Amino acid sequence: MSRHLRHEMTYDAPLADVWAMLADPAFREEVCDFQHVIRHDVTVEPRGEGMRVKIDQFHAASGIPSFAKKFVGDEINIVQTENWSTHTGGDIHVEIPGKPGDMTGTARLRESGGVTTETVDFTIKVGIPLVGGKIEGLISDLLLKALRAEQKVGRDYLSR
C-alpha cells in the first residue's frame, strides 16, 4: 500500500526570489517556528547549481490518534532532506527515524509571468499490517498541513 500527495504552492514572485527563500536557513526556521516545532536544526549547503537542505525537527505528539501515538511516543522526530540538483527541481525524503515508513518525492519550481509555483509530489508508504493505511493517511494530512504552513510563511517572507 501507499498514498500519493501532490500539492502546489504559488508565490507572487519570480523564481530567483523563491529559490533564494528556499535556500535561506532563516526561512526554514520560520516555518518550523510557525508550526510550533519543539526543537529543530536546519542546514542548507550549496551543491553545484543546487543545494542540500536538512531539517531535523521534533513535534509534540498531542492530537495524534491513539492508534498512531503508540508507534511514535510523546514526540515525533521528523527528518526532511531535500537534494536540489538545479534551481528548478529536487528530490525530497522525509523519515521518522526508527519507525517503519518512507516518504519520498520531488519538488519542482516553474515561473510564469512573474509568479512561481512550487509543486511537491510525495509517495507515502508505511509497512505496518492492518494500520499502515491509516498511518499513511495521517502522515499525508500532517504533510499537507506542513506544506500549507510553508506557503503561508513563504508568502509573508516574500512580501517583506
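What counts, and where the lines are drawn
Residues numbered from 1 in each chain as written. Predicted model: local features only at pLDDT ≥ 70, side-chain atom pairs only at ≥ 80, totals over all residues. Heavy atoms only, no water. Helix = DSSP H or I, 4+ residues; strand = E, 2+ residues; numbered from the N terminus. Rg over C-alpha atoms; globule rule 2.2 N^0.38 Å. Buried < 20%, exposed > 50% of the residue type's maximum accessible area, 1.4 Å probe, protein only. Contact = heavy atoms within 4.5 Å. Areas by Shrake-Rupley, 256 points an atom, 1.4 Å probe, with all protein chains shown as cover. Lys, Arg positive; Asp, Glu negative; His and termini not counted. Charge placed at Lys NZ, Arg CZ, Asp CG, Glu CD. Arc of directions from axis to C-beta. Core = buried A, V, L, I, M, F, W, Y, C linked by side-chain atoms within 4.5 Å. Pairing = 2+ DSSP bridges. 1 Å grid on protein atoms, 1.4 Å probe; cavity = no way out; pocket = protein on both sides within 12 Å on 5 of 7 lines; lining within 4 Å. Points joined across faces, edges and corners; volume = space filled by probe spheres on them. Nonpolar A, V, L, I, M, F, W, Y, C, P; charged D, E, K, R; others polar.

(A) Structural detail: the overall build of the chain. Counting secondary structure elements, the chain contains four helices and seven strands. For the chain, the succession of helices and strands along the chain, N to C, is β-α-α-β-β-α-β-β-β-β-α. Taken against the 2.2 N^0.38 rule, which gives 15 Å for 160 residues, the C-alpha radius of gyration of the chain at 16 Å falls within 12% of a compact globule. The dimensions of the chain, computed from C-alpha atoms along their principal axes, are 45 × 30 × 25 Å. For the chain, the proportion of its 160 residues judged to be buried stands at 44%. Of all intrachain contacts in the chain linking residues separated by at least 6 positions in sequence, the fraction that spans at least 24 positions is 54%. As displayed, the chain offers around 8,400 Å² of accessible surface, 51% of which is attributable to carbon and sulfur atoms. Averaging the positions of the 19 positive and the 24 negative side-chain charges in the chain gives two centres separated by 7 Å.

(B) Highlighting helix α1 (residues 15–22). Listing the buried residues of α1 in full gives L15, V18, W19, M21 and L22. Axial view of α1: buried residues confined to an arc of 160°, hence all on one face.

(C) Main features of the nonpolar core. Formed by 43 residues in total, the largest nonpolar core has its most connected members in L22, M103 and F122. Per element, the largest residue contribution to this core is eight residues, and it comes from helix α4 (residues 132–158). Apart from the residues lying within four places of it in its own chain, the contact partners of F122 are R3, H4, L5, I92, V94, M103, T104, G105 and L143.

(D) Quick look at the pairing of strand β2 (residues 39–47). As judged from the nine bridges shared by β2 and strand β3 (residues 50–60), these two strands associate in the antiparallel manner. Bridged to T43 within β3 is K54. Counting the residues in the hairpin turn of β2 and β3 gives two residues, including G48, whose phi is positive at 55°.

(E) Up close: the layout of surface pockets. Volume-wise, the largest pocket comes out at about 950 Å³. Along its surface, the largest pocket is lined by 46 residues, and Q35, H59, I78, L142 and A146 are the ones closest to its centre. It is α4 that provides the largest number of residues to the lining of the largest pocket, a total of ten residues. By residue class, the composition of the lining of the largest pocket is 33 nonpolar, seven polar and six charged.

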